Amino acid sequence: MSSTGNLAEILEFVMGTGLIPADGEIWRVRRRAIVPSLHQKYVTAMISLFGEASHRLCEKLDTAASDGEDVEMESLFSRLTLDIIGKAVFNYDFDSLSVDNGIVEAVYTVLREAEMRSTSPIPTWEIPIWKDISPRQRKATKALKLINDTLNDLIAICKRMVEQEELQFHEEYMNEQDPSILHFLLASGDDVSSKQLRDDLMTMLIAGHETSAAVLTWTFYLLSKEPRVMAKLQEEVDTVLGDRFPTIEDMKKLKYTTRVINESLRLYPQPPVLIRRSLQEDVLGKYPIKRGEDIFISVYNLHHCPKHWVDAERFYPERWPLDGPNPNETTRISAIYLSVVALGNALETCLLHLRQ
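Residues numbered from 1 in each chain as written. Predicted model: local features only at pLDDT ≥ 70, side-chain atom pairs only at ≥ 80, totals over all residues. Heavy atoms only, no water.

- An unreviewed UniProt entry lists the protein under the name Protein LUTEIN DEFICIENT 5, chloroplastic, with Iris pallida as the source organism.

Here you go:
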């Protein structure tokens, strides 16, 4: 058995007991509550949203290309996925592809603080007086307050909407004006404190958009290095979709597109490392594990191991046969998979509409 250990300690200041840092019974309860919200009707609605958001990015890239302007793709993909997850999870329009507002900067300030804490040899943020005198700590605290206040306001607004609607809840319930996960949870009568709900939403926001943006960035990097794969991908997209946005019915037909993403996730898994803390003494292979030790599991190394993969360093989507099963379970080794499963389609949507 294990807990999330060091990871939970690093993320506690922002995610509380959300889906990533939560252990044991809290994780099981919240998982059972959230997973039903990702039903087929919801995913169908989200695919349309993904297409619209990706189209806005494509328009931005077309303008940059016409003007001969260089663009930083990782930043744009982060903004794309932030816009998507804002609408999908709690019906909030960040509109970060168009404007730079306070909440967007606050999200990235908190992300940078979490990254800094993950590599710092000394936890200076635990020193009470340091929180008041450190400019970085004050900035992070201010940013976190803005995000928390925004989420609390959204929860309050959604609660009022649920109270006012003539609710007939069922397993594929979805409010047409607000199809968000937040609305589903409140309509389902999810018996949870506002803080726990806020922690879950914050986890999806912070962890969900960053990992999805990383997958998009690495996928496009790999495609830029392999014109053959890009040409084959475009041929499938042109055949299945033409110039229209994809629907849920198209997903099963886009087999090579899916394999491209599978292979990108193999080479650059998100997250590349998992952390677990042992709850009792054990033995891993020939290595004794003490109680309370943090174990770092390098998913990246596992995915690049020549013992398990033929030509392990090569970007080769064909290693996943088109007539074989979808290798999702092999490549989606992500601690936040259950909370952002619908975002997988966003990756495909952007690939489909972004042309060379």
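## Things to note about a nonpolar patch on the surface
Logical step 1: A surface patch of nonpolar side chains, amounting to about 380 Å² of accessible area, comprises I127, I129, W130 and I133.
Logical step 2: With respect to the helices and strands, I133 occurs in helix 6 (residues 128-133).
Logical step 3: Here I133 falls in the partly exposed class, since its relative accessible area comes to 49%. (Patch = residues over 30% accessible without salt bridge, like charges linked within 9 Å, V, L, I, M, F, W, Y side chains within 5 Å. Areas by Shrake-Rupley, 256 points an atom, 1.4 Å probe, with all protein chains shown as cover. Salt bridge = Lys/Arg side-chain N within 4 Å of Asp/Glu carboxyl O. Helix = DSSP H or I, 4+ residues; strand = E, 2+ residues; numbered from the N terminus. Buried < 20%, exposed > 50% of the residue type's maximum accessible area, 1.4 Å probe, protein only.)

## What to know about the packing of aromatic side chains
Logical step 1: Under the criterion given, the structure shown has 8 aromatic pairs.
Logical step 2: Aromatic pair Y92 and F94: ring centres 4.8 Å apart, planes at 75 degrees, arrangement edge-to-face.
Logical step 3: Among the residues examined, Y92 registers a relative accessible area of 22% and is labelled partly exposed.
Logical step 4: Here the aromatic residues F90, Y92 and F94 are joined through ring pairs into a cluster of three or more.
Logical step 5: In this structure, R117 packs its charged tip against the face of F13, placed 3.9 Å from the ring centre.
Logical step 6: Seen from the ring of W309, R266 lies directly overhead, with NZ or CZ sitting 5.1 Å from the centre. (Phe/Tyr/Trp six-rings, centres within 6.5 Å; stacked < 30°, edge-to-face > 60°. Lys NZ or Arg CZ within 6 Å of the ring centre and 35° of its normal.)

## Thoughts on the packing of helix 10 (residues 227-240) against helix 12 (residues 255-267)
Logical step 1: Relative to each other, helix 10 and helix 12 sit at 145 degrees, their axes nearing to 8 Å. Contacts between helix 10 and helix 12 involve R228, V229, K232, L233, E236 and V237 on the former and, on the latter, K255, Y256, T257 and V260.
Logical step 2: Split by residue class, the contact of helix 10 with helix 12 holds 5 nonpolar, 1 polar and 4 charged. (Axes fitted to C-alpha atoms, helices over the stretch in contact; angles between N-to-C directions. Contact = heavy atoms within 4.5 Å. Nonpolar A, V, L, I, M, F, W, Y, C, P; charged D, E, K, R; others polar.)

## Quick notes on helix 7 (residues 135-164)
Logical step 1: When the terminal C-alpha atoms of helix 7 are compared, their 44 Å separation across 30 residues agrees well with the 44 Å that a helix rising 1.5 Å per residue should span.
Logical step 2: Along helix 7, the residues that are buried comprise Q137, A140, A143, L144, I147, N148, T150, L151, L154, I155, C158 and V162. (Expected span 1.5 Å × (residues − 1).)

## As for the environment of Y268
Logical step 1: Relative to the helices and strands, Y268 resides in the loop between helix 12 and strand 2 (273-278).
Logical step 2: Each C-alpha atom, one on Y268 and one on H304, is 9.3 Å from the other, the two residues being 36 residues apart in sequence.

## Digging into the nonpolar core
Logical step 1: Formed by 78 residues in total, the largest nonpolar core has its most connected members in F90, I147 and L205.
Logical step 2: Looking at which element gives the most residues to this core, the answer is helix 9 (residues 194-225), with 12 residues.
Logical step 3: Setting aside residues up to four positions removed in sequence, F90 forms contacts with I85, L151, L154, S180, L182, L201 and L205. (Core = buried A, V, L, I, M, F, W, Y, C linked by side-chain atoms within 4.5 Å.)

## Focus: the pattern of salt bridges
Logical step 1: For the structure shown, the criterion picks out 14 salt bridges.
Logical step 2: Between D199 and K195 there is a salt bridge whose closest N-O contact spans 2.8 Å. Pair noted here: D199 and K195 are both in helix 9, with a separation of 4 residues, about one helical turn.
Logical step 3: Between R266 and E263 there is a salt bridge, and its shortest N-O distance comes to 2.9 Å. Within this pair, R266 and its partner E263 are both found in helix 12, separated by 3 residues, close to a single helical turn. Both residues of the pair, R266 and E263, belong to the buried class.

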